[in-house]
Structures are given as structure tokens and as C-alpha cells.
Amino acid sequence: MLIQSYITNVIKLLIIQNVLLSSYILTETIYAPSMEVFISLIITIGIKVILLPFLLWKLVQFLHLSGRIEPILNKPSLLLLASALILLALILGQQLVNSMLHRYISGFSLGLANAFVAVLIITFRRKTVTQVMGLLVLENSIFILAAAISTGFPWLIELGMSFDILMGFMIFTLFLIRIQQEHGSFQVQLFEKLKERI
């Protein structure tokens, strides 16, 4: 997601990430069966794998977002920075060997590395659409961290988080439509120039 040049590819990778997140929850359900984790799995598949990608595709089609999206840094520098942050997440995960069960360390390291990459996506992208994709990746990271650190959280909390994401997506869609109507572009640089004029 970090170095993709087209918004459609970013959405496809977000869908793949949501499927992998659901498979992680499925393995947790198989390893430690619980009704709460099972309901969380169903909610995650329903909202993150089916509903949210459908809404994202509709938004991209409605706003005609098919152009290239380039990061602020060049791609090799961005990959090097991401690699360093992922290595840092793995090192931090290994430092917690004594305080966590061994099977949770990989989930913790994965969630932390994903959070670092999400922050890079938010920080080093020019278009607001991809920055919001970074926020969705960050939410996935928080979900992985919560699943790795605890033995699962109640399905009611998961349901609340999922509806918060959907409401945020709807608000984001309204803002994007309004921005396109007013300014005709989603480039952050143009908004900075507008800010300088004021």
C-alpha cells in the first residue's frame, strides 16, 4: 500500500489486509474457541471484508478517482524507512518475550509494524483519499494489537468499533464530495496554498 501508484490498487490491498485480519481472528477462534471471538469474526467479515470495500469502490467510481497517486518521498526512501520501522517493531516484540505468551508476540509485532506503516501512509501521501486509507490501516493495526494483547474483547465493543468506522466513512465521503465540488482536487498541496492565501 505504501508505494502503490493507483487508488484502485490501494483499495485492493486494503481488502486483502482485511481478509488476512479475518483469517487471523479465525485462527484465534480455532485455537481458543469462544463465542465472543466468533461473533467478532462474523462482524469483521461482514463489515471490513464485504461492506467497507463495497462502499470504497462506490466512492471511487462516484468521485472518478482513477489517476496516479504519488507519495511525497521517493519510493526507495519510503521502502527503506518502512523496513527500518518494521524491524523496530520486530525488535520491540522480541523484548516482550518474558511478559507475553509466545504465540501472542507475533500478533503484537505484526500489529505494531502495521501501525508504523499506516502512519507512513498517512504522513507521506499527497491525496486525502489515500490518507484516509492509512487511517483504516491504522484501525486494523489497533484491532490486531487488541486481539494479540488480550484474549479477545466482547463482541459488543467490536460492533461499536465497526459502526464507528462506518460512520466515519460516511462523514469522510460527505467531506470528499464537498471538497470536490468546491475545489475540484484532492491534492493536499493545493489546500496548503489555499491556507497560505487566507
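Located above this text is the structure these notes cover.
Keep in mind that what you see is a predicted model, and the values were worked out from it rather than measured.

Student: How do you make sense of the nonpolar core when you look at a structure like this?
Tutor: One broad rule of soluble globular proteins: the nonpolar side chains tend to lie buried together. Among the nonpolar cores identified, the biggest contains 21 residues, and Ile-7, Leu-56, Met-133 and Leu-136 are the most heavily contacted of them. Secondary-structure elements contributing two or more residues to this core are helix H1 (7–31), helix H2 (35–63), helix H5 (128–149) and helix H6 (155–183). One finds Ala-89, Ala-113, Leu-145 and Ala-148 within the second-largest nonpolar core, a separate group that totals eight residues.

Student: So what exactly am I meant to see when it comes to the packing of H2 against H5 here?
Tutor: Helix packing geometry: the angle between the two helix axes and the distance between the axes. In the contact formed by H2 and H5, the axes pass within 14 Å of each other and the chain directions differ by 175 degrees. Judged on the interaxial angle alone, H5 and H2 are roughly antiparallel. Across the interface between the two elements, Ser-40, Thr-44, Lys-48, Leu-52 and Leu-56 of H2 pack against Met-133, Leu-136, Glu-139, Asn-140 and Phe-143 of H5. Along the lines of polarity and charge, the residues of the contact of H2 with H5 split into five nonpolar, three polar and two charged.

Student: Would you take a moment to explain the environment of Phe-143 for this structure?
Tutor: Relative to the helices and strands, Phe-143 is located in helix H5. When its relative accessible area of 1% is taken as the criterion, Phe-143 is described as buried. The spatial distance from the C-alpha of Phe-143 to the C-alpha of Gly-111 is 7.9 Å, given a sequence separation of 32 residues.

Student: Can you help me understand helix H3 (residues 75–95) in this one?
Tutor: Side chains that are three or four residues apart share a direction in an α-helix, a result of its 3.6 residues per turn. Given a rise of 1.5 Å per residue, 21 residues ought to cover 30 Å, and the 30 Å separating the end C-alpha atoms of H3 matches this to within 8%. Listing the buried residues of H3 in full gives Leu-78, Ala-82, Ala-89 and Gly-93. Down the axis of H3, the buried set is contained in an arc of 50 degrees. They therefore lie on one face. When the buried face of H3 is taken as reference, the exposed residues oriented beyond 90 degrees from it are Pro-76, Leu-80, Leu-87 and Gln-95.

Student: Explain the packing of H1 against H5 here, please?
Tutor: Contact geometry of H1 with H5 gives a least axis separation of 11 Å together with a crossing angle of 10 degrees. Our classification of the angle between H1 and H5 gives roughly parallel. Across the interface between the two elements, Ile-7, Val-10, Ile-11, Leu-14, Gln-17, Asn-18, Leu-21, Tyr-24 and Ile-25 of H1 pack against Val-129, Thr-130, Met-133, Leu-136, Val-137, Asn-140, Phe-143, Ile-144, Ala-147 and Ala-148 of H5. Tallied by class, residues from the contact of H1 with H5 come to 15 nonpolar, four polar and no charged.

The rules behind each value
- Residues numbered from 1 in each chain as written.
- Predicted model: local features only at pLDDT ≥ 70, side-chain atom pairs only at ≥ 80, totals over all residues.
- Heavy atoms only, no water.
- Core = buried A, V, L, I, M, F, W, Y, C linked by side-chain atoms within 4.5 Å.
- Buried < 20%, exposed > 50% of the residue type's maximum accessible area, 1.4 Å probe, protein only.
- Helix = DSSP H or I, 4+ residues; strand = E, 2+ residues; numbered from the N terminus.
- Axes fitted to C-alpha atoms, helices over the stretch in contact; angles between N-to-C directions.
- Parallel < 35°, antiparallel > 145°, perpendicular 65-115°, else oblique.
- Contact = heavy atoms within 4.5 Å.
- Nonpolar A, V, L, I, M, F, W, Y, C, P; charged D, E, K, R; others polar.
- Expected span 1.5 Å × (residues − 1).
- Arc of directions from axis to C-beta.

Geometry only, nothing functional implied.
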